[in-house]
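# Commentary on secondary and tertiary structure
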Amino acid sequence: MKKLLFLLVVVISISACNNNSGNGFVNDSDLKFHIGSDSSVELFKVFDSAWRNLDYKLMKSMIADSVSFEFHDGKIASNADEFIEIIKRDIDKRTTEGNNYTWTTDYAFSVDLTTSKEGEWVNAGFSSILDNPQDGIVEKVYNDWYFFNKGKIELWYQAIRDIKE
């Protein structure tokens, strides 16, 4: 009986590991989300570090020729140069307001929308405490989605939640 129970547990475990049903859904589609790989998270970490250190050369090398960056405020960049110009303007704005351009990376994980195609999404969360609060806002919480394909970013979306005192 113990051998039969052990065999049953092994079969169920293997079935669960090989289950390709995914762990999420996309409305009106047969696509499903799957846990992604560490390699995409590692790409994110390199890009995040380059952004933090304003290493524009490294950032540009990680951005695909065909790209879309969509910022929380509706700004859109369709190439690396436009993206970096928006970043530079944001740095200038923060400096003028008396705030540092710093953040804490709170988490990152990767998901794969379809295992039959290349590329994975990385979702990352950040927080930034303002040195000089504006309009009662003391902190900004960011939620960004990066789509990495063949080692480069092809899509990026950003949302920000303002935290008031």
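Quick caveat, the model's predicted, so the values are computed rather than measured.

## Here's the deal with the overall build of the protein chain
For the protein chain, the count of helices and strands is four helices and seven strands. Starting at the N terminus and ending at the C terminus, the protein chain contains elements arranged as α-β-α-α-β-β-α-β-β-β-β. Sequence-distant contacts, at least 24 apart, represent 51% of the contacts inside the protein chain between residues at least 6 apart.

## Here we look at helix H4 (residues 80–96)
Taking 1.5 Å as the rise per residue, H4 with 17 residues should run 24 Å; its terminal C-alpha atoms sit 24 Å apart, in good agreement. All buried positions along H4 are accounted for by Ala80, Phe83, Ile84, Ile86, Ile87, Ile91 and Arg94. Viewed along the axis of H4, the buried residues span an arc of 155 degrees, placing them on a single side of the element. Two to three positions downstream of the cap, the backbone nitrogen of aspartate 81 sits 3.1 Å from a side-chain oxygen, assigning the N-cap of H4 to asparagine 79. Looking one or two residues past H4, glycine 98 carries a phi angle of roughly 85 degrees, positive in sign.

## Concerning the pairing of strand E7 (residues 152–164)
Examined bridge by bridge, strand E2 (residues 63–70) and E7 share four bridges and lie parallel to one another. Within the sheet, the bridge partner assigned to serine 68 lies in E7 and is leucine 155. A loop of two residues connects strand E6 (residues 137–149) with E7, the two strands running antiparallel in sequence, and lysine 150 in this loop sits at a positive phi of about 55 degrees.

Conventions adopted
- Residues numbered from 1 in each chain as written.
- Predicted model: local features only at pLDDT ≥ 70, side-chain atom pairs only at ≥ 80, totals over all residues.
- Heavy atoms only, no water.
- Helix = DSSP H or I, 4+ residues; strand = E, 2+ residues; numbered from the N terminus.
- Contact = heavy atoms within 4.5 Å.
- Expected span 1.5 Å × (residues − 1).
- Buried < 20%, exposed > 50% of the residue type's maximum accessible area, 1.4 Å probe, protein only.
- Arc of directions from axis to C-beta.
- Polar contact = N/O pair within 3.5 Å; in protein donor to acceptor, adjacent residues only side chain to side chain.
- Pairing = 2+ DSSP bridges.

Note that every value here comes from positions in space, so none of it alone points to a role or purpose.
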